Amino acid sequence: METLIRFFMIFKTFIVFLMLEVLSLVLVFTYNDYQHGQYFNSSNELVGRMYEVMNTVTGYFSLNRTNEDLARENSRLKTQLSSAQAMIEYYREDSTYMQRKALADSGNYSFVTARVISTSFSKSHNYLTLDKGSADGIQSEMGVIGQTGVVGIVSAVSPHFSIVIPLLNISSRLSVKVKNKSQTGALVWKGEDYRYASLEEVPTYIPVAKGDSVVTSGYSTIFPEGMYVGKVSRSGRSSDNNLRIDVSLGIDFSRLAYVDVIKFKNAPEVKKLQEEGTDENEQ
Amino acid sequence: MNSKIILNYGWQFLAYLLVQVMVLNYIDFMGVATPYLFVLFLITLPTEISTVSLMLIAFVMGLIVDVCSDTVGVNAFACVLMSYLKPRLCKLFAPADAEGEAPSFRSFGKGRFFQFALLMVLVHHFCFYLLENGTLIDLGGTLFKAFESSVFTMVLICCIEYFKYRHNR
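Residues numbered from 1 in each chain as written. Chains lettered and ligands numbered in written order. Predicted model: local features only at pLDDT ≥ 70, side-chain atom pairs only at ≥ 80, totals over all residues. Heavy atoms only, no water.

Attention shifts here to the sheet that holds strand β1 (residues 109-119) of chain A. Strand pairing in a sheet is mediated by backbone hydrogen bonds. Such pairs are either parallel or antiparallel. Residues and elements named next belong to chain A. The strand order around the closed barrel formed by 6 strands is β1-β2-β5-β4-β3-β12, and the pairing between neighbours is antiparallel. Neighbouring strand axes in the sheet, compared pairwise and without regard to direction, differ in orientation by 40° on average. Summarising the sheet, strand β2 (residues 128-130) and strand β5 (residues 162-166) pair through 3 bridges and their orientation is antiparallel. Residue T129 lies in a different strand from β5, and its bridge partner there is I163. (Pairing = 2+ DSSP bridges. Helix = DSSP H or I, 4+ residues; strand = E, 2+ residues; numbered from the N terminus. Axes fitted to C-alpha atoms, helices over the stretch in contact; angles between N-to-C directions.)

To continue, consider the side chain of S104 of chain B. In this structure, S104 of chain B sits in the loop between α4 (74-93) and α5 (105-108). Setting aside anything within four residues of it in sequence, one finds S104 of chain B in contact with G109, F113 and E161 of chain B. (Contact = heavy atoms within 4.5 Å.)

By the definition in use, this model includes 18 aromatic pairs over all chains. For the ring pair F14 of chain A and Y84 of chain B, a centre distance of 6.0 Å and an interplane angle of 50° mean the geometry is tilted. One end of the pair, F14 of chain A, is in helix α2 (residues 12-32); the other, Y84 of chain B, is in helix α4, on a second chain. For the ring pair Y36 of chain B and F128 of chain B, a centre distance of 4.8 Å and an interplane angle of 50° mean the geometry is tilted. Taken together, the positions of Y36 of chain B in the loop between α1 (3-22) and α2 (39-43) and F128 of chain B in helix α6 (residues 110-133) put the pair 92 residues apart, joining distant regions of the chain. F128 of chain B shares its class with Y36 of chain B; the two are buried. What links up through ring pairs into an aromatic cluster is the set F105, F108, F113, F116, Y162 and Y165 of chain B. In this arrangement the basic side chain of R88 of chain B is found over the ring face of Y84 of chain B, its NZ or CZ atom lying 4.6 Å from the centre. (Phe/Tyr/Trp six-rings, centres within 6.5 Å; stacked < 30°, edge-to-face > 60°. Buried < 20%, exposed > 50% of the residue type's maximum accessible area, 1.4 Å probe, protein only. Lys NZ or Arg CZ within 6 Å of the ring centre and 35° of its normal.)

Between its terminal C-alpha atoms α1 of chain B stretches 28 Å, which fits the 28 Å expected from 20 residues at 1.5 Å a residue. Among the residues of α1 of chain B, Y9, F13, Y16, L17, Q20, V21 and M22 of chain B are the ones counted as buried. (Expected span 1.5 Å × (residues − 1).)

Let us now look at the environment of G143 of chain A. Residues and elements named next belong to chain A. Tracing the chain through its elements places G143 in strand β3 (residues 143-146). In the structure, G143 is positioned 121 residues away from F264 in sequence and 9.0 Å away in space, judged by C-alpha atoms. Beyond its immediate stretch of four places on either side in the chain, G143 contacts G152, I222, F223, D260, V261 and I262.

What follows is the structure in structure tokens.
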């Protein structure tokens, strides 16, 4: 026994060394073994806690990147959400939807849906930019309508973009009429409130009441007859023999997302005929 | 050794561990090199400490680093081996008047300490990477990683030791 103890004393360093190395190897191999690796890995309660604490510290090192990732995901989700919302509104409160469907069914008109990529409504010469252009068949002088009413008229096109002069442009002039009345007038905007436009050239003898619908007259190839523009919000006499009518616009220009460009199939033919007619008059 | 010195080493132990598991473990320089600076604590423990105590300290320290980096047993093995060899290497490199002192630039001399530390680091890193890989597949890649990490660790060790050297002078 004494010899054994002396043996241990002499070789104690080496024995401790061997024991520790064997213990390490046992740990290495039991850890690699899926069945037994439950005590000394990060799924262990104690180490899990430690990681949690560590993460509160190390988390700061990657905060910037995490922030960036989150911001990117946020913007992606926001884009998705807004387009989903736009689509929902498109089908829910779409007062022009049935009209458009009827027009499209008649075969004379077709529609190009475009996204509004830039807009302004606070200047006096406002313009919209759409993400579709001549490559999608859009040409200048085409009508543009939104979910809840007329938007404006295309003024210029490039292959993939087009510029629209909306109703909210002091040089815009749209031929309209009060629904169920034959008298037409001109819808103009004076550059004041983006929610209202003025209806001019309606004689005082026409009975126009608050709440009457204002629709396109159809006296051009741009808009078919009867497209919803807005509602009469105020009607009264002006100094001349015409009424002063304020029209509450159907379209909210402050939150335009998707619009439809109206393609009138026979527009070139009508235009040609009109030109021929004026030519003959001149001769 | 009085209690003040032991307390001082206790703080160092914690500091090296914290820096290792919270910062250095996350460095993956060019995809191959991670510095294992905590071995410097074991390297610079005074030579008067018995080899058994040294190995026990090394085992505990290695195991803590292991548990935090999911390499259980690997660092412990490498650290115990390194500590077992430490007294023998000390005999080789330590000058006669540095008996029982903590290895450093000052006690060993710059060149001797560098060689001593380099050997210790190489033992630890090659042992660690070979055992961590566990196979002889891509042996060249494993050895390259061990070498790269050794260089990285040595650079850090030299910086710290040089700073200590200037500070204590």
